[in-house]
Amino acid sequence: GYMTAADILLTDHSSIGFEALAVDQPVIVFDAPDLVQAARINPEKVALLRSASDVVYSVAELPRTVSDILRNPSARAADRRRVAQDIFYDPPGATARALAVIYELLSLPAPASVRSRAAKPRVAALTGPRAGSHASSAPAFSEGSSYRS
């Protein structure tokens, strides 16, 4: 997909930014000061995405920021991993676990490749946010889901 074809993701704020972090792709956030209020975005989510991204405040800053990231794409890797682990449950295995559930719901045997990648236990019940999480007070799926709002 386009995520794997790009070296950097540029966004004002979007859930795709968090998805980029989950695959360790550098993110540049273009500051759009009115966006948070106009789009009713949770300010904690804005701060969380920015904590693992490079933030620019003008178009003039983009060339240098892009150049810096291309020279050292792993500079913010630890920040990206930290945020991805906070937002997603076990990001590398989410797709395999989802496929395993689909096969199970359809009462079909899952291919060996899906079974081996989906070996994590699933929890179907809703739970509250994990301690230390930036999640809102809304319930979130635990372990069996890949995204918590």
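How each quantity is defined
Residue positions within a chain follow its written sequence, with the count starting from 1. The model is predicted, so local features are restricted to residues of pLDDT at least 70 and side-chain atom pairs to those at 80 or more, both for listing and for counting; the totals for chains, interfaces and linings are taken over all residues. Calculation of side-chain values draws on the structure's entire complement of heavy atoms; hydrogens and water are dropped beforehand. Within this scheme, the nonpolar core is defined by two criteria: the residues are buried Ala, Val, Leu, Ile, Met, Phe, Trp, Tyr or Cys, and they are joined through side-chain atoms within 4.5 Å. Burial status follows relative accessibility: with a 1.4 Å probe on protein chains alone, a residue under 20% of its type maximum counts as buried, one over 50% as exposed, and anything between as partly exposed. Starting at the N terminus, helices and strands are each numbered in turn, a helix being any DSSP run of H or I of at least four residues and a strand any DSSP run of E of at least two. To estimate the expected span of a helix, count its residues, drop one, and scale the result by 1.5 Å. For helices, the fitted line uses only the C-alpha atoms of the stretch in contact; every axis is such a line through C-alpha atoms, and the angle between N-to-C directions lies from 0 to 180 degrees. The sense of a crossing depends on the near helix, which, turned anticlockwise from the far helix by less than a right angle, makes the crossing left-handed and, turned clockwise, makes it right-handed. Should any heavy atoms of two residues lie within 4.5 Å, those residues are counted as being in contact. Asp, Glu, Lys and Arg are counted as charged, while Ala, Val, Leu, Ile, Met, Phe, Trp, Tyr, Cys and Pro are counted as nonpolar; the rest, among them Gly, fall into the polar class.

Overview of the nonpolar core
Taken as a class, soluble globular proteins show a tendency for nonpolar side chains to be buried jointly.
Moving on, step 1. Ranked by internal contacts, the top residues of the largest apolar core, which has 15 residues, are Phe18, Leu21, Val27, Val83 and Ile87.
Moving on, step 2. When residues of this core are traced back to their parent elements, those giving at least two are α2 (15-22), β2 (27-30), α4 (43-50) and α6 (77-87).
Moving on, step 3. Looking at this core, the element that brings in the most residues is α2, giving four residues.
Moving on, step 4. In terms of nonpolar packing, the next biggest core, distinct from the first, is built from five residues, Ile8, Val56, Leu62 and Ile69 among them.

Quick notes on helix α7 (residues 94-105)
Moving on, step 1. Under the 1.5 Å per step criterion, the end-to-end length of α7 is 17 Å for twelve residues, consistent within 8% with the ideal 16 Å.
Moving on, step 2. Note on α7: the residue one or two positions beyond its end, serine 107, has a positive phi of about 55 degrees.

Here we look at the packing of α2 against α4
Moving on, step 1. The interhelical angle for the contact between α2 and α4, taken along N-to-C directions, is 35 degrees, at an axis separation of 10 Å. By crossing handedness, the relation of α2 to α4 is classed as left-handed. Contact residues: α2 offers Gly17, Phe18 and Leu21, while α4 offers Lys45, Leu48 and Leu49.
Moving on, step 2. The residue makeup of the contact of α2 with α4, split by class, is four nonpolar, one polar and one charged.

Observations regarding α2
Moving on, step 1. Taken together, the buried positions of α2 are Ile16, Gly17, Phe18, Ala20 and Leu21.
Moving on, step 2. Of the residues trailing α2, aspartate 24 is marked for its positive phi of about 60 degrees.

With respect to the side chain of serine 53
Moving on, step 1. Here serine 53 is to be found in the loop between α4 and β3 (54-56).
Moving on, step 2. Since its relative accessible area comes to 2%, serine 53 is described here as buried.
Moving on, step 3. Apart from residues no more than four positions distant in its own chain, serine 53 is found in contact with Val27, Val29 and Arg76.

Notes on unusual backbone geometry
Moving on, step 1. Non-glycine residue aspartate 24 carries a positive phi angle of around 60 degrees.
Moving on, step 2. For aspartate 24, a relative accessible area of 36% corresponds to the partly exposed category.
Moving on, step 3. With a phi close to 50 degrees, arginine 40 is a non-glycine residue in the positive phi region.
Moving on, step 4. Within the fold, arginine 40 resides in the loop between α3 (35-38) and α4.
Moving on, step 5. Taking the relative accessible area as the measure of exposure, arginine 40 reaches 77% and is therefore exposed.

Section: the packing of α2 against α6
Moving on, step 1. One can describe the packing of α2 onto α6 by two numbers: an axis separation of 8 Å at closest approach and a directional angle of 115 degrees. Crossing of α2 against α6: the hand is left-handed. The residues of α6 that touch α2, namely those facing Phe18, Leu21 and Ala22, are Arg80, Val83, Ala84 and Ile87.

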